[in-house]
Amino acid sequence: MAEEAHSEGTGLVFHPLDQFIVKPLFGEGPIQWYTPTNVTLWMALAVLCVVALFVIGTRGRAIVPTRVQSVAEVMYGFIYKMIEDVTGHDGVKYFPYIMTLFVFILFANYLGLLPMSFTPTSHIAVTAVLGFGVFIIVTLIGFVKNGPSFLGLFWMSDAPLILRPVIAIIEVISYFVRPVSHSIRLAGNIMAGHAVIKVFAGFAAIAAISPISILAIVAIYGLEVLVAFIQAYVFTILTCVYLKDALHPHH
Amino acid sequence: MATETTAADAAHGAAEAGKAGMPQLDFSTFPNQIFWLVVSLVVIYFVLSRIALPRIGAVLAERQGTITNDLAAAEDLKQKAVAADKAYNDALVKARTDANKIVAEAKAEIQKELDAAIVQADAQIAAKAAESEGRIAEIRAGAMDAVSEVAKDTAKELVAALGGKADARSITAAVAARLKG
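So, how was this worked out
Residues numbered from 1 in each chain as written. Chains lettered and ligands numbered in written order. Predicted model: local features only at pLDDT ≥ 70, side-chain atom pairs only at ≥ 80, totals over all residues. Heavy atoms only, no water. Helix = DSSP H or I, 4+ residues; strand = E, 2+ residues; numbered from the N terminus. Buried < 20%, exposed > 50% of the residue type's maximum accessible area, 1.4 Å probe, protein only. Areas by Shrake-Rupley, 256 points an atom, 1.4 Å probe, with all protein chains shown as cover. pLDDT = per-residue confidence, 0-100. Contact = heavy atoms within 4.5 Å. Core = buried A, V, L, I, M, F, W, Y, C linked by side-chain atoms within 4.5 Å. Phe/Tyr/Trp six-rings, centres within 6.5 Å; stacked < 30°, edge-to-face > 60°. Buried area = accessible area lost by both parts, 1.4 Å probe. Salt bridge = Lys/Arg side-chain N within 4 Å of Asp/Glu carboxyl O. Polar contact = N/O pair within 3.5 Å; in protein donor to acceptor, adjacent residues only side chain to side chain.

## As for the overall build of chain B
1) Next: Across its full length, chain B carries five helices and zero strands.
2) Next: In sequence order, the secondary structure elements of chain B are arranged as α-α-α-α-α.
3) Next: In chain B, buried positions account for 16% of the 181 residues.
4) Next: Only carbon and sulfur atoms are counted for the fraction: they give 65% of the accessible area of chain B, which is about 13100 Å².

## Let's talk about the confidence of the model for chain B
1) Next: With 88% of its residues at a pLDDT of 70 or more, chain B has an overall mean of 84.
2) Next: In this model residues 1–19 of chain B is a low-confidence stretch, pLDDT under 50, and it forms 15 contacts with partners more than four residues away in sequence or in other chains.

## Digging into the nonpolar core
1) Next: Judged by nonpolar contacts, the single largest core of 60 residues is most densely connected at Phe54, Met75, Met99, Val103, Phe104 and Leu130 of chain A together with Leu48 of chain B.
2) Next: Only helix H2 (38–56), helix H3 (67–87), helix H4 (95–112), helix H5 (124–146), helix H6 (163–203) and helix H7 (210–247) of chain A together with helix H4 (30–161) of chain B provide two or more residues apiece to this core.
3) Next: In terms of residue count, the dominant contributor to this core is H4 of chain A (11 residues).
4) Next: Apart from the residues within four sequence positions on either side, Leu48 of chain B is in contact with Val50, Phe54, Pro96, Met99, Thr100 and Val103 of chain A together with Leu53 and Pro54 of chain B.

## Digging into the packing of aromatic side chains
Residues and elements named next belong to chain A.
1) Next: Inspection of every chain in the model, using the stated rule, returns 20 aromatic pairs over all chains.
2) Next: With 5.3 Å between their ring centres and 50° between their planes, Phe135 and Tyr175 make a pair best called tilted. On the criterion of sequence distance, the pair formed by Phe135 in helix H5 and Tyr175 in helix H6 is long-range, its members being 40 residues apart.
3) Next: Overall, Phe135 belongs to the buried group, its relative accessible area being 14%.
4) Next: These aromatic residues form a ring-pair network of at least three members: Phe132, Phe135, Phe143, Phe150, Phe154, Tyr175 and Phe176.

## Focus on the interface of chain B and chain A
1) Next: Contact residues are listed per partner, giving 40 residues for chain B and 52 residues for chain A.
2) Next: Note on chain B versus chain A: buried area summed over both sides is about 4200 Å², and carbon and sulfur give 74% of it.
3) Next: Summed over the shared surface of chain B and chain A, the number is one salt bridge.
4) Next: Across the pair Glu73 of chain A and Arg63 of chain B runs a salt bridge whose closest N-O atoms are separated by 2.7 Å.
5) Next: Applying the counting criterion to the chain B and chain A interface returns 12 residue pairs in polar contact (both at pLDDT 80 or more).
6) Next: Among the secondary structure elements, those contributing two or more residues to the side of chain B that touches chain A are helix H1 (2–7) and H4 of chain B.

## What about the environment of Gln33 of chain B?
1) Next: In this fold, Gln33 of chain B is placed in helix H4.
2) Next: Residue classification places Gln33 of chain B among the buried positions, given a relative accessible area of 0%.
3) Next: Every residue in contact with Gln33 of chain B, bar those within four places of it in the chain, is listed here: Val22, Val39, Met43, His123, Ala125 and Val126 of chain A.

Below you can see the structure in the form of structure tokens.
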């Protein structure tokens, strides 16, 4: 990319995307599907955080919760209420699945904000699996629960008859675009934020503008803390919305 | 980290050529990422669905139960407090009524005693008055007798002094006639 030439010309080093490189943890060599990489490490850390918060944090089963337990309870209640509000009571069955998505994305995002870390959710491969996973599961649920009448989702029975086929085509397209937007939204947000921080960090090498650059890094870091939560939230609530469409396809 | 990668470029050689663009689009790492992602998700899913979520759900339900019970107990105690307050007020009202009754009884008793005493006193006064009247009448009668005695004696003496001779019967009759007149 452009930064290769740029870096050699001015002495500024811009490698905003290097933080996303997938590397083997041990040694060099080609990356097989089973190779432990930095992806493995940071996903494992996310899993450990989930275990620490939700298993070790709640081991007291206290009526009056400890701090960690109340955090776990707040997250439980947050997602549970979201599912109940968006999908209705029959969506509660899928609570563990949606909770899994939420806590994984949340912890991956937040761990990715640590300096020198790697962010799995900045990779389209990861978010695409999450997004298409939701798409496939939700579509299957739709057909299993409703049978062919699930297709009524695309047939607006309250629209004028002439417009219905047109609307149906648009609805079908938008339905199939869902997983793409669902996954690219997450990866794009996380990647962009991290890359921008790196770009400003590159400018910090110039003494004259380094204070501005550092201030900008702080500001964007603050924004990224917000984005890390909001993207996890958005991914989860969209999952709930899609699930609602699958459970109640008739508008 | 970044500079090291640049330095290692030569070593990587051909492998690095594919990473010229975004690392996100380096398809050779996709199987690896997807594999570890699926492993992580499955682990999180089982940890959450088998251990964490039922536990938290149970804790929340238990807390809800405890709170409901406590609220019910509080409501119960409040009812008791209201009942106790009512009993207290009732007792107060009853005590006041009793006190009034006792006062009224005492007053009535005193009144009765007073009435009796007044009646007795009246009777005594009446008896005394009657007695006194009797005495007065007696005295008056006695005085009348004494007057007629004196009048007779005086008449006899007068008659004797005037040189007459008067018998007792005519003098008595004359005095009696005079006294009546």
